[in-house]
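The lines below spell out each chain.
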Amino acid sequence: MASIAEKYGTPCYVYSRAIIESNFKAYSAAFGKRRHRICYAVKANGNLAILDVLARLGSAFDIVSGGELDRVGAAGGNQQTVTFAGVGKTRAELEKALKADIACFNIESIEELQLLAQVAEALGRKAPVALRVNPDVDADTHPYIATGLNENKFGIPMADAMDVYRQIAALPSLRVAGVACHIGSQLTALTPIIDAAKRVMKLVKSLHREHIEVDHVDVGGGLGIVYDDESPPAIQAYVEALCQIIDPCYRIVIEPGRSLVGAAGALLSRVQYLKQTPQKTFVICDAAMTELIRPALYQAYHDVLPVTASIEEHVVDVVGPVCESGDFLARDRKLGVSGGDLIALMDCGAYGFVMASNYNARPRPAEVLIDRDKFHLARERETSPQLYATEYRLT
Ligand SMILES: *Cc1c(COP(=O)(O)O)cnc(C)c1O
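Quick look at the packing of aromatic side chains now. The description of two aromatic rings rests on the distance between their centres and on the angle between their planes. Taken as a whole and assessed by the stated rule, the structure comprises four aromatic pairs. Ring geometry for Y13 against F353: centres 6.1 Å apart, planes inclined by 80 degrees, an arrangement best described as edge-to-face. Here Y13, found in strand β1 (residues 12-16), pairs with F353, found in the loop between β16 (342-345) and β17 (366-371); they are 340 residues apart in sequence, far enough to count as distant. Considered together, Y13 and F353 belong to a single accessibility category, that of buried residues. One aromatic cluster is present, formed by Y13, Y15 and F353 through successive ring pairs. Seen from the ring of F328, R331 lies directly overhead, with NZ or CZ sitting 3.7 Å from the centre.

This is the structure in structure tokens:
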């Protein structure tokens, strides 16, 4: 970490190729001979080097925008393995994905279905679709990342699903490919996942009775990781549970994001100042909510490890330079660092860089992939002029 800081500067995201590969292999080993497709959720971390690592392992991809489809292609991924999720796909995005011949459109509303049918007909194509149904289960996670309750904007209510499938089966420009759900992220218990899969299988059986056949059952992503003291199911236990619920005649599709890349990333930062106030001690570092918004947005916990330590441990808040009191990275932690020391915020490989912003005119950080004994620069640090290169003064 110290040599990366030396070579590439801070703040800097650092990823481990080995950890990503070992997580992917854990999924594929757990499936064994079961027919399956692992669609990495690009939104967790869309860096081309990360996508490249996964594409080389044979990963498929789950996307939520046309931009992510472009990224998959640019990284050498196979666009024909792509599943396209999201409640607001535009006409242009549907066209782009149809032309790329993606594997499945996960449809979230009747209006979207109608638009897709129209666009597919105009292009002379048959669009493969799965309905994303809302199983109405409580995923027991942070409310911002729970998606499987009837009150959420996601999916089609289970009660309407049969009827919508009948409409799909009757439309010549659509083809029933599967059924999908995704109940949320950072799930740390199997029960809601199992409940959702069971409800989805009930629907699959009702469809079968009406001779509407799906090829795959997509249970989404969401498997949690250990940030603090959580105890999420192991990848193997999760996959085994799915294999038990979903009949072997169906291909199991999963869309893991966080559980593949979350633990494979750290945010490396240099301490600028130690600031003592009557109430608190602040470690002010060169990373901020602009690099890692998860603590501010989700009250998320990230371990902070000293790369170098120079003073005795005491309780501090780790904060950035951004002009917001919400700009904190960690609170009430025991650390022995002062100006000049390096710290690593752990488990930042998912929903870290992808959520970075340029607030306060802060260039986004560099990203480095550790690949065996080499450092691979996965993204250059942005420069300040790049941030306003597409702006115009008055003429
Ligand atoms: C975000 C998302 C995922 C990935 O979730 P993780 O918690 O990162 O595994 C998968 N599928 C859909 C539809 C999503 O929105």
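The next point concerns the site of the ligand. Around the ligand there are 14 residues in total, and K43, S185, E255, R258 and Y351 lie nearest to it. G257 places a main-chain nitrogen or oxygen 2.9 Å from an oxygen atom of the ligand. In this structure, R258 approaches the ligand through a main-chain N or O atom, which is 2.8 Å from an oxygen atom. For the ligand, whose free accessible area comes to 390 Å², the fraction covered by protein is 94%. Grouping the amino acids of the shell around the ligand by side-chain chemistry returns four nonpolar, five polar and five charged.

With that out of the way, let us pick up helix α6 (residues 110-123). Spanning 14 residues, α6 covers 20 Å between terminal C-alpha atoms, matching the ideal 20 Å at 1.5 Å per step. The complete set of buried residues in α6 reads E112, L113, L116, A117, V119 and A120. Check the buried side of α6 and you find it contacts α5 (91-99), β5 (104-107), β6 (127-134), α7 (158-170) and β8 (174-180). In the stretch just after α6, G124 is the one whose phi turns positive, near 70 degrees.

Contact geometry for helix α2 (residues 17-31) and helix α9 (residues 235-245): axes closest at 9 Å, N-to-C directions at 35 degrees. Considering the relative orientation of α2 and α9, their crossing is right-handed. Between α2 and α9, the residues in contact are N23, A26, Y27, A30 and F31 and I235, Q236, Y238, V239 and C243, respectively. Its residues assigned to classes, the contact of α2 with α9 comprises eight nonpolar, two polar and no charged.

Looking at where D286 falls in the secondary structure, it is placed in the loop between β12 (281-285) and α11 (294-298). This buried residue, D286, is left without a salt bridge; R270 holds the nearest opposite charge, at 5.7 Å. Of the polar contacts made by the side chain of D286, one reaches the side chain of T10; its length is 2.5 Å. A distance of 2.9 Å separates a polar atom in the side chain of D286 from the backbone nitrogen of R270. Setting aside its immediate chain neighbours within four residues, D286 contacts T10, P11, S269, R270, Q272, E291 and R362.

Taken together, D136, D138, D140 and E151 make up a surface patch of like negative charges. Counting through the fold element by element, E151 comes out in the loop between β6 and β7 (156-157).

Basis of the calculations
Along each chain, residue indices are assigned from 1 in the same order as the chain's sequence is written. Totals for whole chains, interfaces and linings use every residue, but because this is a predicted model, local features are given only for residues with pLDDT of at least 70 and side-chain atom pairs only at 80 or more, for both listing and counting. To get the side-chain values, take all heavy atoms of the structure and skip hydrogens and water. Each aromatic pair joins two rings of Phe, Tyr and Trp (for Trp, the six-membered one) with centres within 6.5 Å, and gets the label stacked for planes under 30 degrees apart, edge-to-face for over 60, and tilted for any other angle. Secondary structure elements are defined from DSSP: runs of H or I of at least 4 residues count as helices, runs of E of at least 2 residues count as strands, and each element is numbered from the N terminus. Type-normalised accessible area, obtained with a 1.4 Å probe on protein chains alone, sets the label of each residue: buried when under 20%, exposed when over 50%, and partly exposed for intermediate values. Counting as a charge over the ring demands two things of the Lys NZ or Arg CZ atom: a distance within 6 Å of the ring centre and an angle within 35 degrees of the ring normal. Proximity criterion: a residue is near a molecule or strand once any of its heavy atoms comes within 4 Å of it. Throughout this description, a polar contact denotes any pair of N or O atoms lying within 3.5 Å of each other; where both atoms belong to protein, one of them has to be capable of donating a hydrogen while the other can accept it, and for residues adjacent in sequence the pair is counted only when both atoms sit in side chains. Accessibility throughout is a Shrake-Rupley quantity obtained with a 1.4 Å probe, and a residue counts as covered only by protein chains that appear here. Ten residue types, Ala, Val, Leu, Ile, Met, Phe, Trp, Tyr, Cys and Pro, are classed as nonpolar, four, Asp, Glu, Lys and Arg, as charged, and the remainder, Gly among them, as polar. Helix span is expected to be 1.5 Å times the residue number reduced by one. Any two residues having at least one pair of non-hydrogen atoms within 4.5 Å are treated as being in contact. The convention used is that axes are lines fitted to C-alpha atoms, helices contributing only their stretch in contact, and that angles between N-to-C directions extend from 0 to 180 degrees. Crossings are sorted by hand: turned counterclockwise from the far helix by less than a right angle, the near helix makes the crossing left-handed, and turned clockwise it makes it right-handed. Under the convention used here, Asp and Glu are negative, Lys and Arg are positive, and both His and the chain ends fall outside the count. In what follows, salt bridge is the name for a side-chain nitrogen of Lys or Arg lying within 4 Å of a carboxyl oxygen of Asp or Glu. Residues form patches when they are more than 30% accessible in relative terms and have no salt bridge. Like charges link within 9 Å. Nonpolar side chains (Val, Leu, Ile, Met, Phe, Trp, Tyr) link within 5 Å. Note on charges: their place is set at NZ of Lys, CZ of Arg, CG of Asp or CD of Glu.

Distances and angles like these do not, on their own, reveal function.
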